[in-house]
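Descriptive analysis of the structure
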Amino acid sequence: MSAKRILNRSSFATEPTTTPHRTTSARPRSWAADWGLLLLRLTFGLLMAGHGSQKLFGLFGGGGLAATGRGFEAIGYRPGRVYAVIGGLSELLGGLGLALGLLTPLAAAALIGVMINAMVTVTGAHGFWDADGGIEYNIAIAVVALTVAATGPGRLAADRVFPWSTGGWPEAALAAGLGGAGAAITLAL
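Notes on the structure follow. (Residues numbered from 1 in each chain as written. Predicted model: local features only at pLDDT ≥ 70, side-chain atom pairs only at ≥ 80, totals over all residues. Heavy atoms only, no water.)

Quick word on the side chain of Ser 90
Relative to the helices and strands, Ser 90 resides in helix H4 (residues 80–100). For Ser 90, a relative accessible area of 19% gives the class buried. One polar contact links the side chain of Ser 90 to the main-chain carbonyl oxygen of Ile 86, over a distance of 2.8 Å. The residues touching Ser 90, leaving out its near neighbours within four places in the chain, are Gly 95, Ala 110, Leu 111 and Val 114. (Helix = DSSP H or I, 4+ residues; strand = E, 2+ residues; numbered from the N terminus. Buried < 20%, exposed > 50% of the residue type's maximum accessible area, 1.4 Å probe, protein only. Polar contact = N/O pair within 3.5 Å; in protein donor to acceptor, adjacent residues only side chain to side chain. Contact = heavy atoms within 4.5 Å.)

Describing a nonpolar patch on the surface
A contiguous nonpolar surface patch, about 920 Å² in accessible area, is contributed by Leu 42, Leu 46, Leu 89, Leu 93, Leu 96, Leu 100, Leu 102, Leu 103, Leu 106, Leu 174 and Leu 178. Elements supplying a minimum of two residues to the nonpolar patch: helix H2 (31–57), H4 and helix H7 (169–188). The leading source of residues in the nonpolar patch is H4, at 4 residues. Examined against the element boundaries, Leu 96 turns out to sit in helix H4. (Patch = residues over 30% accessible without salt bridge, like charges linked within 9 Å, V, L, I, M, F, W, Y side chains within 5 Å. Areas by Shrake-Rupley, 256 points an atom, 1.4 Å probe, with all protein chains shown as cover. Salt bridge = Lys/Arg side-chain N within 4 Å of Asp/Glu carboxyl O.)

Some words on the environment of Gly 71
Summarising the element assignment, Gly 71 is placed in helix H3 (residues 64–74). For the pair Gly 71 and Arg 81, spaced 10 residues apart in sequence, the C-alpha separation works out to 9.1 Å.

Description of the environment of Ala 109
One can find Ala 109 in helix H5 (residues 104–123). Not counting residues within four places of it along the chain, the set of residues in contact with Ala 109 comprises Ala 175, Leu 178 and Gly 179.

Some thoughts on the layout of surface pockets
A probe matching the size of a water molecule, rolled over the atoms, marks out where space remains unfilled. Counted as a void, the largest pocket has a volume near 560 Å³. Contributing to the lining of the largest pocket are 29 residues, with Lys 55, Phe 72, Glu 91, Val 114 and Ala 118 lying nearest its centre. Where the lining of the largest pocket is concerned, the elements lending two or more residues are H2, H3, H4, H5, helix H6 (136–151) and H7. When residues of the lining of the largest pocket are assigned to their parent elements, the largest contribution, 10 residues, is made by H5. (1 Å grid on protein atoms, 1.4 Å probe; cavity = no way out; pocket = protein on both sides within 12 Å on 5 of 7 lines; lining within 4 Å. Points joined across faces, edges and corners; volume = space filled by probe spheres on them.)

Read these as spatial facts, not as claims about activity.
Encoded structure:
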């Protein structure tokens, strides 16, 4: 009898239920998933915020705005200082937004856009692997940002009260679309 009850309970837990806009599991999301998302968001988000702080303020061994501006001019962005501010703020605010789970699709879009620019202008010429200066690291960050937009930031996030808190295709499309559009505009200028 117990085995039958367990069998029925486990099959119930995996049957999807549908709503007009979303398909959800009958079983609530585990707290382990929320803590895992928090760990992922904090790790990548704070690393990106630190990277932006290097560009903008010279923190954590970074060159600051003047040196970053010169670096941007060397790869063709003019005026370099303006693009350094845009890139630095995108990393800082996108990273903080991802870490806090605040405006998650927009934070993800900012990071995706910066990573696309980095791949096109700097790392793409060096192949795939980061050891050779390639795009590996940039892809990893863009995919993590897109994944968090798609899955939602979890219950341990500032966004938990907003409709986009559970993620989904629209949130992922918004993050990818805005990130791609921002990168395209920046590269076209």
